[in-house]
Amino acid sequence: MTNLTLPEWYTSAIEGEREAVPHPSRRRAVWVRRALARLGKALARELTASPCAGSWLGRIEARVKVAAVLLLIIASTFLHSLGALAAMFGAILALALSVRMPARSLARVWLGVPVFSLAIILPAATNLVTPGSSWCTVWSFGHAIRIWQWTLPESVTVTSAGIVVAGRFLLRSIDCVTLSYLLIATTDHAVLLNALRRLGMPRVFGMALTMAHRYVALILRLAEEIHLAKISRTMSAGSVRSEQRWAAAGIGILFRRTHRLACEVQNAMISRGYDGNLQVGFRAAICVRDMICLAGAIALAGVLIAMDWLWMR
Amino acid sequence: MSEMIFKVENVGYWYPGGEAALRDIGFSVRAGESVAILGANASGKSTLLHLLDGLYFADHGRIEAFGTPLTEQAVETSPFSREFRRKVGYLFQNSDAQLFCATVEEELAFGPLQLRLPRDEVERRIDDTARMLGIEHLLERYPQSLSGGEKKKVALAGVISCGPSVILLDEPSAGLDPRTQQWLTEFMGALRQSGVTLITSSHDLSLVADVSRRVLILSEDQRLIYDGPVADALTDLDLLLSANLIHAHAHVHDGKVHAHPHLHEIWHEHGHGGVES
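Not measured: the values here are computed from a predicted model.

Caption draft 1: Region of interest: the overall build of chain B. Scanning chain B for helices and strands turns up 11 helices and 13 strands. Out of the 277 residues in chain B, the part that is buried amounts to 52%. Accessible surface, chain B as shown: approximately 12100 Å² in total, 49% of it carbon and sulfur.

Written as structure tokens, this is what we have:
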């Protein structure tokens, strides 16, 4: 049997005579660690989240869904009346409800998009960009202000025409983003990438995206393992600087492992005949149900454009 | 005499940092043979398989595959390259590195598609390979959602669907549960009986004993120290000890301390000539 002599500090630790562990100071920072852990979890969740992939819409062929969503997005750019855009939103909402889309996911989409869109479109709602009858005054200067070759009016007002322009932009953004989210939520990401490839996205680009999607999840797991290994040997959070140093070192280790994995993947591809000219895609399975779905999207787009034409006459 | 598959002469390979991975290796493999490459960690087993698959190239010495020197130029030249890739398959140790497609079905299609096989032939190969390995139910699944054993089966299916007559297997049983290990052993036995040439790197002596007739043993200083029948190698305890494939340790048994070479298996036989404890 191997003669193993443990050092004295180790035996005393085992016997319970542990050295006093220094108490963490109040300013110990755990935020770097927490931020990294949350970022990793959020990324992993977003990479794999397709909450409605099992719904009836999830069973529609991905290429048909991509085509239908593209068609409806293009149709939304032809719509000018707020009524038609709102009707489109109603139809999308009905679809989202039919696949039991989690309200939390929809809320996240709807909270982010209007705020971002409003920030962009707000100037267009005022008489600075869109002239028209004033609806309300935002700011009054008391007199016209001249800046180089532009003249600002005495007061900045929200105009009726501006509200229509802003509303149209906002509704169109919400329609498009909700449609895109509906596609992502009802289609597994890998299948979606595959569908894009089959619809003509350049092969190398498609393969690169597929592999990135496949391996980012793996690399995230690696990062999590490094993180957990560190936590398992940490009794208290270090200073901000030491946490930052650890994060930087962790990124370095992760980069090295990722590089090794990339080399292995390349070798695995070469080993199976990859010679730089990628050959992908071989099976197509579009059934009657898919065609009915596509026909439905075409009909919806047609009805909305007709409604818009009638309202705008 | 059967066709010469690989002829390795005086091959050496060094890592970019200057550390030796293999020194003066020489052997040959003929069609239908089942050869095991045994060695401790860092003895150069995986590097040797990479060299045989034309992924790395020897720093000195010469490797011939099917009578053609396996050089960078030859492997990049289309007719030989495609023929070589069709004939030689490689099962990597890390299944995650090998499963890079979106679905299992695409994984099986990848090799045949790269070999520019017609679409109906690709579909036939997918169906046949999936049936042969019992993974039909996994075809629509995504590789990241598979268990370790399933990943290994899919990785093997991805190799098989190219129809290779030679398969290089790098630590195929590593990380597998006992049932999948048993399945793998039986599957490799079936491949061997069908005439497929198998070159397996491992330090799992039980796997080697089950699937190979001939063994190459690499020492810890990356040299070939044995090339011969498996049965002889596994009974030569000094050889196995020197290659760090088994270890001598002492344990108390029936009131006596024994020190003897020891294979890490559940059961082993030994005499009771130890020291009274």
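From this point, the narrative continues.
Caption draft 2: View of the interface of chain A and chain B. In this assembly, 34 residues from chain A lie in contact with 39 residues from chain B. Of the roughly 3200 Å² buried where chain A meets chain B, counting both sides, 52% is carbon and sulfur surface. In this assembly, chain A and chain B are joined by one salt bridge. Those elements that provide at least two residues to the side of chain A that touches chain B are helix 7 (189-198), helix 8 (203-232) and helix 9 (240-271) of chain A. Tallied by class, residues from the side of chain A that touches chain B come to 16 nonpolar, nine polar and nine charged.

Caption draft 3: Expanded view of the side chain of B:Glu64. Residue and element names in this part refer to chain B. Its place among the elements puts glutamate 64 in strand 4 (residues 60-65). In this structure the side chain of glutamate 64 is engaged in a polar contact, spanning 2.5 Å, whose partner is the side chain of arginine 62. Those residues in contact with glutamate 64 that lie beyond four places of it in its chain are Ile5, Phe6, Lys7, Pro69 and Leu70.

Caption draft 4: Representation of helix 3 (residues 62-78) of chain A in the model. Residues and elements named next belong to chain A. Its 17 residues place the ends of helix 3 25 Å apart at the C-alpha level, agreeing with the 24 Å of an ideal helix rising 1.5 Å per residue. Turning to helix 3, its buried residues number three or more, namely Ala62, Arg63, Val64, Lys65, Val66, Ala68, Val69, Leu72, Ala75 and Ser76. Looking at where helix 3 begins, the residue whose side-chain oxygen comes 2.8 Å from the main-chain nitrogen of arginine 63 is glutamate 61.

Caption draft 5: A look at the sheet that holds strand 6 (residues 88-91) of chain B. All names here are of chain B. Overall, mixed pairing links the six strands, which are arranged 6-7-8-3-9-10 in an open sheet. Of all strands in the sheet, those bounded by a partner on one side alone are strand 6 and strand 10 (224-229). For this sheet, the mean angle separating the axes of adjacent strands, direction not counted, is 15 degrees. Pairing analysis gives five bridges linking strand 3 (residues 34-39) to strand 8 (residues 197-202), with the strands arranged parallel. Note that in strand 8 the partner of leucine 38 across the bridge is serine 202. Here helix 8 (residues 178-193) sits on the sheet in contact with strand 3, strand 7 (166-170) and strand 8, set at roughly 145 degrees to strand 8.

Caption draft 6: How the structure looks around the pairing of strand 6 of chain B. Residues and elements named next belong to chain B. Here strand 6 shows a buried face lined by Val88 and Tyr90 and a second buried face lined by Gly89 and Leu91. For strand 6 and strand 7, the ladder comprises four bridges, and the chain directions are parallel. Opposite leucine 91, over in strand 7, you have leucine 169 as the bridge partner.

Caption draft 7: Molecular detail of the packing of aromatic side chains. Residue and element names in this part refer to chain B. Overall, the coordinates contain eight aromatic pairs over all chains when judged by the stated rule. Ring centres of phenylalanine 66 and phenylalanine 84 lie 6.5 Å apart, and the angle between their planes is 75 degrees; this geometry places the pair in the edge-to-face category. Highlighted residues: phenylalanine 66 in the loop between strand 4 and strand 5 (68-69) and phenylalanine 84 in helix 3 (residues 78-87), separated in sequence by 18 residues. What makes phenylalanine 66 buried here is its relative accessible area of 17%. In this structure, lysine 87 is placed above the aromatic ring of phenylalanine 66, and the distance from its NZ or CZ to the ring centre is 4.4 Å. In this structure, lysine 153 is placed above the aromatic ring of tryptophan 183, and the distance from its NZ or CZ to the ring centre is 4.7 Å.

Here is what the cut-offs are and how they apply
Residues numbered from 1 in each chain as written. Chains lettered and ligands numbered in written order. Predicted model: local features only at pLDDT ≥ 70, side-chain atom pairs only at ≥ 80, totals over all residues. Heavy atoms only, no water. Helix = DSSP H or I, 4+ residues; strand = E, 2+ residues; numbered from the N terminus. Buried < 20%, exposed > 50% of the residue type's maximum accessible area, 1.4 Å probe, protein only. Areas by Shrake-Rupley, 256 points an atom, 1.4 Å probe, with all protein chains shown as cover. Contact = heavy atoms within 4.5 Å. Buried area = accessible area lost by both parts, 1.4 Å probe. Salt bridge = Lys/Arg side-chain N within 4 Å of Asp/Glu carboxyl O. Nonpolar A, V, L, I, M, F, W, Y, C, P; charged D, E, K, R; others polar. Polar contact = N/O pair within 3.5 Å; in protein donor to acceptor, adjacent residues only side chain to side chain. Expected span 1.5 Å × (residues − 1). Pairing = 2+ DSSP bridges. Axes fitted to C-alpha atoms, helices over the stretch in contact; angles between N-to-C directions. Phe/Tyr/Trp six-rings, centres within 6.5 Å; stacked < 30°, edge-to-face > 60°. Lys NZ or Arg CZ within 6 Å of the ring centre and 35° of its normal.

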